[in-house]
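Notes for the structure review
Here is how the chains run, residue by residue.
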Amino acid sequence: MEDLEAAYEMAKLNNIQVKGLMLTNPSNPLGTILDGDTLRSIVAFTNEKNIHLICDEIYSASVFGKPNYVSMAEIIDEDRRNGGGKNSLNLNLIHIVNS
Ligand SMILES: Cc1ncc(COP(=O)(O)O)c(C=O)c1O
């Protein structure tokens, strides 16, 4: 999260308007995955900055065994079930890519 924040601030210093963050989960080619806490932190970051989050989950069916794969859709669902509140996720800013 510190690296993300630093990159965001550096872009601002260079007059670059950051419009969004893209991630590939699971990654290609290694198939490594981001855990739920990391996904929660990332979406809280993009939501707070009011920028888009694009999650490419095209390889989600290619993860086997533990730790279990967590989709951004589950993080959103969790947020809805918790009643949202004032820091509720803005769904207009979250995009999930699949196939
Ligand atoms: C991470 C990721 N997303 C999406 C795709 C699909 O891309 P395309 O629709 O251009 O075939 C690929 C293909 O390799 C990929 O690696």
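What you are looking at is a predicted structure, and each value in this text was computed from that prediction instead of being measured.

1. What about the environment of glutamate 74?
Checked against the element boundaries, glutamate 74 lands in helix α3 (residues 72–81). On the basis of relative accessible area, glutamate 74 is assigned to the partly exposed category, the value being 42%. Between the C-alpha atom of glutamate 74 and that of asparagine 98, which follows or precedes it by 24 residues, the distance is 14 Å. There is a polar contact of 2.9 Å between the side chain of glutamate 74 and the backbone nitrogen of serine 71.

2. Observations concerning the packing of aromatic side chains
All told, the structure shown has one aromatic pair when counted by the stated rule. Measuring from centroid to centroid gives 5.9 Å for tyrosine 8 and phenylalanine 45, while their planes differ by 85°, and the two rings are edge-to-face. Of this pair, tyrosine 8 sits in helix α1 (residues 2–13) while phenylalanine 45 sits in helix α2 (residues 36–49), and the two are 37 residues apart along the sequence. Considered together, tyrosine 8 and phenylalanine 45 belong to a single accessibility category, that of buried residues.

3. Observations regarding the sheet that holds strand β1 (residues 20–24)
The strand order across the open sheet formed by three strands is β1-β2-β3, and the pairing between neighbours is parallel. At either margin of the open sheet sits one strand with a lone partner, and together these are β1 and β3 (94–97). Strand-to-strand twist across the sheet, computed as the mean angle between neighbouring axes with direction ignored, equals 15°. For strand β2 (residues 52–56) and β3, the ladder comprises four bridges, and the chain directions are parallel.

4. Quick look at the site of the ligand
What surrounds the ligand is the set Thr24, Asn28, Asp56, Ile58 and Tyr59. In this structure, an oxygen atom belonging to the ligand sits 2.7 Å away from a side-chain N or O atom of asparagine 28. Contact between the ligand and aspartate 56: a nitrogen atom at 2.5 Å from a side-chain N or O atom of the residue. The fraction of the free accessible surface of the ligand (400 Å²) that becomes covered by protein chains is 41%.

The rules behind the values
Residues numbered from 1 in each chain as written. Predicted model: local features only at pLDDT ≥ 70, side-chain atom pairs only at ≥ 80, totals over all residues. Heavy atoms only, no water. Helix = DSSP H or I, 4+ residues; strand = E, 2+ residues; numbered from the N terminus. Buried < 20%, exposed > 50% of the residue type's maximum accessible area, 1.4 Å probe, protein only. Polar contact = N/O pair within 3.5 Å; in protein donor to acceptor, adjacent residues only side chain to side chain. Phe/Tyr/Trp six-rings, centres within 6.5 Å; stacked < 30°, edge-to-face > 60°. Pairing = 2+ DSSP bridges. Axes fitted to C-alpha atoms, helices over the stretch in contact; angles between N-to-C directions. Near = heavy atom within 4 Å. Areas by Shrake-Rupley, 256 points an atom, 1.4 Å probe, with all protein chains shown as cover.

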